[in-house]
Amino acid sequence: MSKKIKSNFLILLGVLSLLVFLIINCVYIGFDDYVGQTITSKIDINTEHDIYIEDILVTVGKKVKQGDVLMVLKSVAIENENAEIEVGLKNMNKVENLEASTIQANIIKIKTEKNQKLAELQAELKNAQQEAEFQQKIFLSENRKVNDQSKNVLIETIKEQIKTTTKEYDDLLAANYKILNLPQQGSIDAEVYKQKKSNNIGNLNYLKITAPYDGIISTIYVSKGQFVSRHGALLNFSELAPSKSIAFVYERKTLSIKEGDSVNITSRYNTKKNMKGKVLAIGNKFVLMPQKISEIPNLEFFGREIYISNFPNNSFLDNESIIVNKIEE
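Keep in mind the model is a prediction, meaning the values are calculated, not measured. (Residues numbered from 1 in each chain as written. Predicted model: local features only at pLDDT ≥ 70, side-chain atom pairs only at ≥ 80, totals over all residues. Heavy atoms only, no water.)

1. Examining the overall build of the protein
Assigned secondary structure in the protein consists of four helices and 14 strands. When burial is assessed residue by residue, the protein has 30% of its 329 residues classed as buried. Long-range contacts, defined as pairs at least 24 residues apart, comprise 77% of the intrachain contacts of the protein with a sequence gap of at least 6. Looking at the protein as shown, the accessible area adds up to about 21,200 Å², and 55% of this sits on carbon and sulfur atoms. (Helix = DSSP H or I, 4+ residues; strand = E, 2+ residues; numbered from the N terminus. Buried < 20%, exposed > 50% of the residue type's maximum accessible area, 1.4 Å probe, protein only. Contact = heavy atoms within 4.5 Å. Areas by Shrake-Rupley, 256 points an atom, 1.4 Å probe, with all protein chains shown as cover.)

As structure tokens, then:
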């Protein structure tokens, strides 16, 4: 009787072992039928400079399109530089006005000196002419044979001095007028600063933080008016739909999958929701599979991670549990 019981026990034990083996192989999630999860890419958008938050145009959870303005910033460096430029321009205008005033005053001085000098020469010429006329009358009345030409020579000399003086002063005036009409160094420097300020205003466009692609505002780290130092995080931005998935292939099935293979991805809890995907990469070592993909609690399984590119514009949620099947070609 004991032999029969022992025999039955061994048979029962064998059957149970076979059932456990079959159950494990049936419920063990291999690449033919295994669970993974979707992954939504999230990025922090940082500032490249010390800035103040001028305005925040979005709220957490808001959907935005690529290029939409999310925040407006004020650059500390550019604001300071523009303030310095304004001061510089004011000072340059003062210098420029002073230089112009100096030249205009010099022109008036030259004109005055010219008029005075010419008036003196004209007076000398008039005197010389009068004396020459007087000598001519004496010469005629006394019937002198030799006429004194000294006064005539003096008259010609004075006339030549008038021409020379007029030319010298006119040349001097022309030079000053030319300087007055030419751009002064202050004007040139002012134009350089104005251009620099214009460039700074143009560069303010980069202080408008825009959406890198269609997505959702996940987190906002700052508030309006806040100072943020260089490389500080402003907000967290995520995709509208998960672009990738991660899953595990049972170690016995690793040879059946390779990069570039097409797969079908189905929601674990809504089998009507599915999409196509493509294997991007396969992990280079076996890792312990997460417990949530196992149907047998506390039973450890090992597999290789599979990274999958999802079909764009899908309806899956972030971290949604999925079942992946290889599409046989």
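2. A closer look at the sheet that holds strand E5 (residues 69-75)
Taken in spatial order, the four strands of this open sheet run E6-E5-E3-E8, and their pairing is antiparallel. Edge positions in the sheet fall to strand E6 (208-210) and strand E8 (227-228), since each of these pairs with one other strand and no more. In this sheet, E8 lies alongside strand E3 (residues 51-56) in antiparallel orientation, the contact comprising two bridges. Pairing of Ile51 across the sheet is with Val228, part of E8. (Pairing = 2+ DSSP bridges.)

3. Topic: the confidence of the model for the protein
Per-residue confidence for the protein averages 76 on the pLDDT scale, and 64% of its residues sit at or above 70. Predicted confidence for residues 27-32 stays below pLDDT 50, and this span has 25 contacts to residues more than four positions away or in other chains. Across residues 184-188, confidence stays below pLDDT 50; counting only partners more than four residues off in sequence or on other chains, it has six contacts. (pLDDT = per-residue confidence, 0-100.)

4. A word on the pairing of strand E7 (residues 215-220)
Examined bridge by bridge, strand E4 (residues 63-64) and E7 share two bridges and lie antiparallel to one another. Pairing of Lys63 across the sheet is with Ile216, part of E7.

5. Concerning a nonpolar patch on the surface
There is a patch of nonpolar side chains on the surface, built from Phe286, Leu288 and Phe302 and spanning about 270 Å² of accessible area. Along the chain, Leu288 falls in strand E12 (residues 274-288). (Patch = residues over 30% accessible without salt bridge, like charges linked within 9 Å, V, L, I, M, F, W, Y side chains within 5 Å. Salt bridge = Lys/Arg side-chain N within 4 Å of Asp/Glu carboxyl O.)

6. Digging into the packing of aromatic side chains
One pass over the structure, following the stated rule, counts two aromatic pairs. Directly above the aromatic system of Phe316 lies the positively charged group of Lys273, at a separation of 5.3 Å from the ring centroid. (Phe/Tyr/Trp six-rings, centres within 6.5 Å; stacked < 30°, edge-to-face > 60°. Lys NZ or Arg CZ within 6 Å of the ring centre and 35° of its normal.)

7. Thoughts on the pattern of salt bridges
In the structure shown here, the tally under the stated rule is seven salt bridges. A salt bridge links Asp170 to Lys114; the nearest nitrogen and oxygen atoms lie 2.5 Å apart. Separated by 56 residues along the polypeptide, Asp170 in helix H3 (residues 150-181) and Lys114 in helix H2 (residues 76-141) bring together distant segments of the chain. Under the relative-accessibility criterion, Asp170 is labelled partly exposed at 32%.

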